[in-house]
Amino acid sequence: MYSNKKVFFFAIILFVCVLFTGRLISLQLMSDKYFIESVKNASNEITLYAERSIIYDRNGKLMVFNDVVYDLAVIQKKISKDLDTAALLKILKIDKKTFLNKLNKIRNPSITYTLIKDLTPDIYIPLQENILSYKGFFIEQKTDRRYKSDIGCHILGYIGEVNDKIISKDPYYKQGDYAGITGIENTYETYFRGQKGVKIVIVDHKQIQRGSFKSGSLDSASIPGPSVHTSLHYDVQEMAEEMLKNKIGSIVAIEPSTGEIIAMANSPSFDLNEMIGSSRNQKFASLLKDPYNPLFNRAIKARYPPGSTFKTIQALIGLEQGIVTANTTYPCRGGYHVGSLHVGCHAHPSPLDLPNSIAKSCNAWYCYLFRDMIDDSAYASVADGYSAWREYLLSFGLGIKTGVDLPNEGNGFIPDTGYFNRYYGKDKWKSSMILSLSIGQGEIGVTPLQMANFAACIANRGYWITPHSISAIDGYKKIPAQYLEKHQVPIKRSHFETVIEGMHSVVAPGGTARGAAIKDLDVCGKTGTSQNPHGKDHSIFIGFAPKDNPKIAVAVIIENGGFGATYAAPMATVLMERFLAKTDSVFVSKNPVLYERMRTAKLKNFSQDTLR
Amino acid sequence: MSYNNYANSDRTSIDWSIILVYLLLCIIGIFSIYSSVFEPEAQWFNFEMPYAKQLIFFGISVFIATVIIYTESTLFFHIGYIAFVLLILLTLGTFFFGAKVHGAQAWYKIGSFQMQPAEFAKLGTVLALSKFLGTYGVRLDSLKNYAITFLFILIPVGIVLAQNDTGSALVFLSLIFVLYRFGLPSIFLTIGFSFVLIFIFLMLTSRTEQILLLSPKILLTLIIFIILGIIGYYIRFNKKGIILISILFTIYTIFIFGVDLAYNQLKEYQKKRIELIFGLIEDKKDVGYNLWQSKVAIGSGQMVGKGFLNGTQTKLKFVPERSTDYIFCTYAEETGFLGSFAFILLYTFFLYKLVIMSERQNTRFARAYGYGVFSIFLFHFFINIGMTIGIVPTIGIPLPFISYGGSSLLAFTILLFIFIKLDGNRSNEVSVDID
């Protein structure tokens, strides 16, 4: 009977053997799970952050660069259960609640998460000394933006932490990364950000590094963003911003032959130097609350009635449609009076031919022209006439996005026939009802960029190139093709010469902006004094220089600045003179009084509703 | 006394195959220890390191083994009770002169040398138990004899439990197998195993509200009632049968509904270790850290392993107690399934061999001793490997011949070689007293 019992023992041995073997099969052979887990255990992925592109002006002058900053990062999964939280909090100088809140934001516990950004030296130094005692925590070296001066904030733009939307769209980003939010930082983000690298290191159970994983064969270096030359002219930009101080307004200067933006200045504006490091969020919040809305890039978003500057385009359309010639005259008896309709005009000789109508800015002349264009019997209806007229405007880049390389550009506003149909009733409106459009008033809204762009188009005698703020990216032969597109206006070159003839007399004795003249500066331009519902007229000027082979086109809008000749025109000529001066010599203006007067002028009429 | 019957000739035949297995295991152990403490920057051999100490103890063990082979077999029979008393006293001494290691008050510390007397107490217990069972005329047929044998087992169990050494206590309890071989009715083992199965079932269903409209406990009680009923039907109901079945049913019912009470007496970490095994809780950081890292180490070995000295889990110290209780992790991570399976087979052969050898003994003493040795190795093997691969709750006991530890290597060597010597001498014994 006893010997049967040995079978029991054999059975037990067999059972253990089979049990163990089965378990080993399931652990070792059924999946890669444990192998992957052991690799994750033994290695840490260290992100090598790439330096963002360094930004220069068009002449190679440094505008934006980077500085090294240190962040505290964490892989939540690797935090030890024995973490001495109190000691860590003491070094970090934050309270437990804040700390836990930050930890709770982590969604993926196995990847690196930036916990505290831009450590100040008094935190960084003791933390660096003790970081090994805090398993799972480590210090990451990154770079943050630094700015040479406070100019160009709207065009350069700021960077900020990526949000969930950006992360979900582009797997390149991780929680805590920076990306360009506005300006060219945003548009050219994929260039500017460079390429993050990765270094995988072997770590032991205490997270102490023990050399590189697989001899570094999986590592990749970070590639800094390529150096970038903006098309901005540092000095012109700086002067433009100086002159805008204590005023509300916008200045845009474009190189007509290339579409490159030489300057784009807004007032009010802000200082990018205050938008760095840990103060970024706080500063941003205060800027958002500022009633003058300094973050608003009015140059590409704000709509202004173009006022008399619009007459240049009116004349061009009239010429192209054959309604008028250079010699056509319309009478002006202190304005345009038909029935009960009166459009006033200032005192000037009458009648005027086309070039003189521009030089003297005769309102009546353009009322007649507009009526003749819209009510032209060549069209079946007023609406058709209006539509044809509107098409010309669109071809100048008005009422549509110019396609500038800056985010959130506004369309401006050129009403279509539908707009008037809704307002007056279908076929119940005629040119006399919308006559104010002829002199750039009424419903029309144009952005400062659109104004500068159509000035450039006139300078080019019939075409414009998509405005853009980048002239070169290192390592790339060309900037992206969409910013080099040429837009032809369906108006003959000779008509442009006729209008330019008129514009040439504006900043000249007898012209409306004679006071803005600078010796040796061959300016063509047009003033505008645009009525608006927000108070005193806006002072507006568009123009270019020199007349032949133009190098710079400028649009200036000074809100509630009064006559175009008062502020806008002198500002424009000052900037033109500065741009045309040789860059390698010290600049001395031939009319230094103008710049001083503009710079020091104060328009204390900031009111909230003029800003939107 | 049966041992007076030995012939004074030299018909010794040592079984070399088990010695070969022993040597192989020791060598695997030394290499595994070497790998588990390996530092790439350190010199390749350092006398301060555990592998060197293990090598020295291996040398001592071989010497002692040789001495045992040349010792008169009768000595081991005669010293049985004395060894038991001395070694139990030595174990008790830890309460007064001992040191605490890993929470167990079970060690002596002499300089840098540590010794766990419980390892040797196993030897004393097996010797004493075998001597009693091998004593002329002693049979497991009286309550008195059962009481004595259980006393031999339960005294050391009590002591090591008091030392907070649950693992060793289980090892001593495994000597029940010896009693089973010597006449303990199967029903006790059956009840024991069925308790284990019921516990496993209750653990696995502890999150289940009901099965077949019944709570798991009610269902289990019903099943046991049916099984007992069927058994009762086959053995024909007589008065004695009905009483027995009723007693059994009561015992099972008490166990099923009372096991929670006993379970709740366990310490919190012990409960967690058990719940981890059943997958009732997930933990990779706290109580479950060891188990998780151990499973990752073994699992990441895959088919062929990461190669000698290339295990990351063990080299980078993610696995705790790499050279002692979790030594199998180092081995399995670096040799993969092929190496691990070969190891399991080798150990299985070793255990099988011990049963074969025990069965061929001519004396009750030698056979009892053989089964004692077998039971101890089986339990160490089952609990240690089972713990690393996650089928046994974490219980810290060494893997004989593999785990680092001088006293354990020496104790297991002595334990084994006394049996090898007894086996070698079996032809000189007259099997007058065998069942």
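Computed from a predicted structure; not experimentally measured. (Residues numbered from 1 in each chain as written. Chains lettered and ligands numbered in written order. Predicted model: local features only at pLDDT ≥ 70, side-chain atom pairs only at ≥ 80, totals over all residues. Heavy atoms only, no water.)

> Give me the lowdown on the environment of D353 of chain A, citing residues and values where you can.
Residues and elements named next belong to chain A. You can see D353 is positioned in the loop between β14 (341–344) and α14 (354–359). The class for D353 is partly exposed, based on a relative accessible area of 22%. With 29 residues separating them in the primary sequence, D353 and V324 have C-alpha atoms 9.7 Å apart. Residue contacts for D353: discarding those within four places in its chain leaves A326, N327, T328, T329 and W365. Among the polar contacts listed, one links the side chain of D353 to the side chain of N356, at a separation of 3.1 Å. (Helix = DSSP H or I, 4+ residues; strand = E, 2+ residues; numbered from the N terminus. Buried < 20%, exposed > 50% of the residue type's maximum accessible area, 1.4 Å probe, protein only. Contact = heavy atoms within 4.5 Å. Polar contact = N/O pair within 3.5 Å; in protein donor to acceptor, adjacent residues only side chain to side chain.)

> Explain the nonpolar core to me, and be specific about the residues and the numbers.
For soluble globular proteins, the rule of thumb is that nonpolar side chains tend to be buried together. One finds W389, F396 and F541 of chain A to be the most contacted residues of the largest nonpolar core, which totals 137 residues. Each of domain 1 (44–75 + 91–193 + 200–230) and domain 2 (234–270 + 297–471 + 480–600) of chain A contributes no fewer than three residues to this core. Aside from chain neighbours lying at most four places away, what touches W389 of chain A is F310, Q314, I317, F370, M373, I374, L437 and I444 of chain A. Among the nonpolar cores identified, the runner-up in size contains 120 residues, and I12 and F20 of chain A together with F374 and I385 of chain B belong to it. (Core = buried A, V, L, I, M, F, W, Y, C linked by side-chain atoms within 4.5 Å. Domains from an automatic or database assignment.)

> Can you explain the packing of aromatic side chains? Please cite residues and give values.
Residues and elements named next belong to chain A. Under the criterion given, the structure shown has 74 aromatic pairs over all chains. Ring geometry for Y330 against W365: centres 5.1 Å apart, planes inclined by 80°, an arrangement best described as edge-to-face. With a gap of 35 residues between them, Y330 in the loop between α13 (311–321) and β13 (335–338) and W365 in helix α15 (residues 363–374) connect regions that are remote in the sequence. Relative accessible area serves as the criterion here: at 9%, Y330 is assigned to the buried category. On the basis of relative accessible area, W365 is assigned to the buried category, the value being 0%. Ring centres of Y419 and Y423 lie 6.5 Å apart, and the angle between their planes is 5°; on these two criteria the pair is classed as stacked. (Phe/Tyr/Trp six-rings, centres within 6.5 Å; stacked < 30°, edge-to-face > 60°.)

> An account of the confidence of the model for chain A is requested, with residue identities and associated values reported.
Residue and element names in this part refer to chain A. Here chain A shows a mean pLDDT of 89. Residues at 70 or above account for 98%. Taking the mean pLDDT of every element in chain A, the minimum, 78, falls on strand β9 (residues 209–212) and the maximum, 97, on strand β15 (residues 463–465). Note on residues 607–612: pLDDT under 50 across the span, and 16 contacts to partners over four residues away in sequence or across chains. (pLDDT = per-residue confidence, 0-100.)

> Give me the interface of chain B and chain A: which residues, what numbers.
If you look at the interface, chain B gives 52 residues, while chain A gives 38 residues. The interface formed by chain B and chain A holds zero salt bridges in total. The interface formed by chain B and chain A contains 13 residue pairs in polar contact (both at pLDDT 80 or more). Listed by contribution, the elements that provide at least two residues to the side of chain B that touches chain A are α8 (176–181), α9 (186–204), α13 (289–299), α14 (312–315), α15 (327–359) and α16 (364–388) of chain B. Taken together, the residues of the side of chain B that touches chain A break down into 31 nonpolar, 12 polar and nine charged. (Salt bridge = Lys/Arg side-chain N within 4 Å of Asp/Glu carboxyl O. Nonpolar A, V, L, I, M, F, W, Y, C, P; charged D, E, K, R; others polar.)

> Could you give me a rundown of the sheet that holds strand β12 (residues 260–267) of chain A, with the residues and numbers involved?
Residue and element names in this part refer to chain A. Pairing is antiparallel in the open sheet, where five strands are placed in the order β12-β11-β20-β19-β18. Only two strands of the sheet have a single neighbouring strand rather than two, namely β12 and β18 (524–532). Ignoring strand direction, the axes of neighbouring strands in this sheet form an average angle of 10°. Strand direction decides the pairing type here: strand β11 (residues 249–255) and β12, joined by seven bridges, are antiparallel. In the sheet register, V252 faces β12, and the bridge partner there is M264. With respect to the sheet, helix α18 (residues 448–459) is in contact with β11, β12, β19 (535–545) and β20 (552–558), its orientation differing from that of β20 by roughly 150°. Taken strand by strand, helix α20 (residues 568–580) contacts β11, β12, β18, β19 and β20, and its axis lies near 150° from that of β20. (Pairing = 2+ DSSP bridges. Axes fitted to C-alpha atoms, helices over the stretch in contact; angles between N-to-C directions.)

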